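A structural walkthrough
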Amino acid sequence: MKPFKLVFLVLLAVNLANAQQASIKGRVFNQQNNEPLPFVNVVVSGTNIGATTDVDGNFQIMGIQPGFIRVEASFVGFKKAISSEVEVSISKTPFIEIPMEKSLKEIEEIIVQASPFRKTEESPLSLKTIGISEIENSPGANRDISKVIQSFPGVLSSPSFRSDIIIRGGGPSESKFYLDGVEVPFINHFATQGASGGPVGIINADLLREVNYYSGAFPANRGNALSGVFEFSQVDGNKERLKFKTSLGASEVTATLDGPLSEKTTFTVSARRSYLQFLFSLIELPFLPTFNDMQFKVRSRIDKKNELTFVGLGAIDLFDLNLDIDSPDDQQKYILSQIPVNEQWSYTLGAVYKHFRDNSYQTVVVSRSHLNNSSYKYFDNDDSSEENKILDYDSEEIETKFRFENSTRLDGFKLNAGFNIDLATYKNTTMQKRYFGDGVLNVNYSTDLGLVKWGAFIQTSKNIFNERLILSAGARVDANNYSSSMNNLFKQFSPRVSASYLLTDKWSLNANLGKYYQLPSYTTLGYRENGELANKNNGLKYISVRHVVGGVEFRPSQMMQFSVEGFSKKYGNYPFSVKDKISLANKGADFGVVGDEEVLSVSEGRAFGAEFIARMSTAKGFNLNMSYTWVRSEFEDAFGKLIPSSWDSKHLLVLTTTKTMKKGWLVGARWRFAGGLPYTPYDMGRSSLVEAWNLTGSPYFDFTQLNQERFGAFHQLDVRIDKAYYLKKLTAKFYIDIQNFYNFQSQDQDIIVREEGSNGDFLTTNNGQEYVLRRVANTSGTVLPTIGIILEF
């Protein structure tokens, strides 16, 4: 009976630990001048458990059930506020900060409850805030924020294992990312240079607090974006003692350490190492990726008026080929014949300084980012001779950024103004031969391009009619010294205006108009032919887009939101490939490099549609997020005719739900549907040419039939079960995540391989000038179960 007694005692100890309760500490302050607010009522959302702040604005709430919570704050003369989501446990007391904004209401004509579904004066619509529980427990995402993003409204969810950010019919290079206010050029491992995608995210979910996602109505201080802006906020380190957290996930092992450095300074740092190369080798996949990353944050509250934050994010990636496969099948041969060996590393280091005054605060942001991307490829992977090398690529992108902002509230106006200066260096050495309809093009050049970029912005907002109507207007200008077509600030004048009218305490009307600009990628800016910057000579311009967005929002309760938005985007000056005769808006969702070719700034396009969103969260732990987007995306072909772009999915539907059960259990599911994407058929005639095939190891597209075919629709169900143990000295979590639960097989473009003879030689025709090619039907999709473990102590 001794073993049974031991099991009984362990289970009893676990149940007693789970019965214990957690606590949280925090600070409430005036968001404009950082002054503490005493005697503020704070309460855990959905409960009667609360406290009151002391003279320094500090509070502590005890007796909380472990799990994810929010804290609400209310105080006379200030708008009700609600904190970002935070996890409380028995082994760790988190610390949160709740900023509060002064209220200008004379009479409480309409009482507006604090809600986690936030909107700002500048962005009253097309803004979504994602809490940490959605990131941690999102089914099918495995705590990868880049995959969680694909569940956001308007974001295309594709059947590939990549994490391209394609928003409301725009291209994958049209978004910008900020980490605690510092711009981060790359958020994915094995990133596509010139775009945004990759298979695995760099940002560690352990350090995230929440994410703000803009699909329109961009604030004036966020420039160089056409379709999306993402603001990632990180947690602060523990103020009381060192804490350690480790996790084992689908592809990597993670270690995170946080704690105090001094009375006023905290830190958090994490490192991750993948084991994909080992797993992929065991199951004989043709590629062997390895990634490593590191992330940190140090925050120092120097005094009540000054604070300084340092952030860092870095990655090292190696993409090798598995040439030890015995008797590779057609798909393995196809992949091995075209994918190069790739090595990539990147980092971003930044500092954010804030100084608070009576009615304003100033922000200074300084950062440096560096990407090094190199790849090479030998024909048929035969490296016995340098003559077999068909690709040799080595590139660097280096940016040093400075941004100053002043935010003021005075006489009911909110004013934010500032400027930025960026120094950029782009280096590239390329040796490659490319085959086009008119023959072979020798791409052999070196670039060492230096750029100075500058910009300025201003935005003012005002609440009128007793805060029922919110108006905001702003503008920014950008320029650089690349060419005469880009060095005039006012050629890139970017105005925007937003309005929100509160019909009742539950209904509101929202609208935004704006024009935005984006600099073409460095790969395009630095491309050379015959020693000259080819695109500078072609008068390369900033890409532009006009947004028109309008919608209605209904909030029947504090934790429930329904909204409908209509949107229209009109593009101008999009780079158009001289050789391929297509807009670069259709490229970017594949590995490698985008934009390193001759282009003309002549392409136009449009995207339009409507978006419905339903979000709710109940006190009993039920959460539902549903979004449906109808979207059309079209860009001009070589004849100036608008045709469907590569991102014209028509229909996007995502339904995510989770339910918190008793004793630390949580179950969730996510179902995604995306209409079939257009694709371009192969040019089998050109692909069969020995001279052409041997330069790429892959078939060529027939761009005279650009996007004339369409795949079938994609849909997938992901399910997840979590179990958490909140013990006195330890928090332990376990989860099972099953992607593609019912094993849906998505349609992909056919594989093209060269036919082999009995002796293993490749068959040819036309006196050895053409290969004999064979099509192989290609589908993808498999049930993918994952077990994860998270320990924190």
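Assigned secondary structure in the chain consists of 9 helices and 49 strands. Taken over C-alpha atoms, the radius of gyration comes to 27 Å for the chain, in line with the 28 Å a tight globule of 793 residues would show. Expressed along its principal axes, the backbone C-alpha trace of the chain runs to roughly 90 × 80 × 45 Å. Looking at the chain residue by residue over its 793 residues, the buried ones come to 55%. Here the analysis covers contacts within the chain between residues at least 6 apart in sequence; of these, 67% occur between residues at least 24 apart. Element-wise, carbon and sulfur atoms account for 58% of the exposed surface of the chain, whose accessible area totals about 33000 Å². Of the charged side chains in the chain, 84 are positive and 87 negative, and the gap between their average positions amounts to 9 Å.

Spatially, the 5 strands line up as an open sheet ordered β10-β15-β16-β11-β12, and their pairing is mixed. Two strands in the sheet have a free side with no partner beyond their single neighbour: β10 (127–131) and β12 (182–183). Strand direction decides the pairing type here: strand β11 (residues 175–179) and β12, joined by 2 bridges, are antiparallel. Residue L179 lies in a different strand from β12, and its bridge partner there is V182.

Moving on, we get to the pattern of salt bridges. The full count for this structure, using the stated rule, is 55 salt bridges. The closest approach of N and O atoms between K506 and D505, which form a salt bridge, is 3.5 Å. A residue is classified by how much of its surface remains accessible, and D505, at 39% relative accessible area, is partly exposed. A salt bridge links R774 to E755, with the nearest nitrogen and oxygen atoms 3.2 Å apart. Residue R774 is located in strand β47 (residues 773–776), and its partner E755 is located in the loop between β44 (751–754) and β45 (764–765); the two are separated by 19 residues in the primary sequence. A relative accessible area of 24% places E755 in the partly exposed class. Residues joined in a network through salt bridges with shared partners are R27, E97, D180, D236, K297, R299, R301 and E307.

The subject of this paragraph is the confidence of the model for the chain. Averaged over the chain, the pLDDT score is 92; the fraction of residues at 70 or greater is 96%. The secondary-structure element of the chain with the lowest mean pLDDT is helix α1 (residues 2–19), recorded at 46, while β12 shows the highest, at 98. In the model, residues 6–14 has pLDDT below 50 throughout and makes 2 contacts with residues more than four positions away in sequence or in other chains.

Time to look at the side chain of T53. Mapped onto the elements of the fold, T53 is located in the loop between β3 (50–52) and β4 (58–64). Within the local environment of T53, its side chain forms a polar contact with the backbone oxygen of L37, the two atoms lying 2.8 Å apart.

As a further point, take the sheet that holds β3. What the 4 strands build is an open sheet, ordered β3-β2-β6-β7; its pairing is antiparallel. Of all the strands in the sheet, just β3 and β7 (81–82) have a single pairing partner and so form its edges. Looking at chain direction, strand β2 (residues 41–44) and β3 are connected through 3 bridges and run antiparallel. Paired with V42 across the bridge in β3 is A51.

Below, the discussion takes up the pairing of β10. Burial of β10 is extensive: 5 of the 5 residues sit out of reach of the surface. With burial as the criterion, each face of β10 is covered, one bearing L127, T129 and G131 and the other bearing K128 and I130. Bridge count between β10 and strand β15 (residues 208–214): 5 bridges; the pairing is antiparallel. Following the sheet pairing, L127 is matched in β15 by Y214.

Before going further, it helps to spend a moment on the environment of L156. As for its position among the elements, L156 is in the loop between α3 (145–148) and β11. A relative accessible area of 5% places L156 in the buried class.

Along the chain, E792 turns up in strand β49 (residues 784–792). With relative accessibility at 10%, the residue E792 sits in the buried group. Engagement of the side chain of E792 in a polar contact is seen with the side chain of K92, the distance being 3.3 Å. Excluding residues that lie within four positions of it along the chain, E792 makes contacts with S91, K92, F244, K245, K729, L730 and T731.

Moving on to the environment of T254. The topology assignment puts T254 in strand β18 (residues 252–260). Considered as a pair, T254 and W454 are 200 residues apart in the sequence and their alpha carbons are 39 Å apart. The contacts of T254, once residues within four sequence positions are left out, are N204, D206, K245, T246, S247, A271 and R272.

Further remarks concern the pairing of strand β42 (residues 731–739). Where strand β41 (residues 714–726) meets β42, 8 bridges bridge the pair, whose relative direction is antiparallel. The partner of V719 across the bridge, within β42, is I738. Counting the residues that bridge the hairpin from β41 to β42 gives 4 residues. Examined bridge by bridge, β42 and β49 share 9 bridges and lie antiparallel to one another. The residue bridging Y735 from the neighbouring strand is G788, located in β49.

Glycine aside, residues mostly have negative phi angles, and peptide bonds mostly take the trans form. Even without being a glycine, N142 presents a positive backbone phi close to 55°. In this model, A217 sits at a positive phi of 50°, which is unusual for a non-glycine residue. Locating A217 in the fold gives a position in the loop between β15 and β16 (228–234).

Okay, helix α5 (residues 330–338) next. When we look at burial in α5, the residues that qualify are Q332, Y334, I335, L336 and S337. Turning to α5, the residues buried within the fold contact β20 (287–303), β21 (306–321), β23 (360–378), α9 (690–696) and β44. With a side-chain oxygen positioned 3.2 Å from the backbone nitrogen of Q331, the residue opening α5 is D329.

Looking now at the packing of aromatic side chains. Taken as a whole, this structure holds 32 aromatic pairs when the rule is applied. Measuring from ring centre to ring centre gives 5.1 Å for Y213 and F230, while their planes differ by 15°; the resulting arrangement is stacked. Of the two residues, Y213 is situated in strand β15 and F230 in strand β16; the sequence distance between them amounts to 17 residues. The exposure classification of Y213 matches that of F230, with both residues buried. Measuring from centroid to centroid gives 6.3 Å for Y435 and Y700, while their planes differ by 65°, and the two rings are edge-to-face. Of this pair, Y435 sits in strand β25 (residues 413–436) while Y700 is found in the loop between α9 and β40 (709–710), placing the two residues 265 residues apart along the sequence. Of the two residues, Y435 and Y700, neither departs from the other in class, the shared state being buried. Among the aromatic residues, those joined into a ring-pair cluster are F152, F177, Y213, F230 and F232.

The subject of this paragraph is a nonpolar patch on the surface. Among the surface-exposed residues, L248, V253, M661, W665, V667, I721, F734, I736, I787 and I789 lie close enough to one another that they form a single nonpolar patch of about 840 Å² accessible area. When residues of the nonpolar patch are traced back to their parent elements, those giving at least two are β38 (665–674), β42 and β49. When its relative accessible area of 41% is taken as the criterion, I721 is described as partly exposed.

Within the secondary structure layout, D380 lies in the loop between β23 and β24 (389–410). Separated by 236 residues in the primary sequence, D380 and D144 have C-alpha atoms spaced 34 Å apart. Setting aside anything within four residues of it in sequence, one finds D380 in contact with R754 and F762.

Here is what the cut-offs are and how they apply
Residues numbered from 1 in each chain as written. Predicted model: local features only at pLDDT ≥ 70, side-chain atom pairs only at ≥ 80, totals over all residues. Heavy atoms only, no water. Helix = DSSP H or I, 4+ residues; strand = E, 2+ residues; numbered from the N terminus. Rg over C-alpha atoms; globule rule 2.2 N^0.38 Å. Buried < 20%, exposed > 50% of the residue type's maximum accessible area, 1.4 Å probe, protein only. Contact = heavy atoms within 4.5 Å. Areas by Shrake-Rupley, 256 points an atom, 1.4 Å probe, with all protein chains shown as cover. Lys, Arg positive; Asp, Glu negative; His and termini not counted. Charge placed at Lys NZ, Arg CZ, Asp CG, Glu CD. Pairing = 2+ DSSP bridges. Salt bridge = Lys/Arg side-chain N within 4 Å of Asp/Glu carboxyl O. pLDDT = per-residue confidence, 0-100. Polar contact = N/O pair within 3.5 Å; in protein donor to acceptor, adjacent residues only side chain to side chain. Phe/Tyr/Trp six-rings, centres within 6.5 Å; stacked < 30°, edge-to-face > 60°. Patch = residues over 30% accessible without salt bridge, like charges linked within 9 Å, V, L, I, M, F, W, Y side chains within 5 Å.

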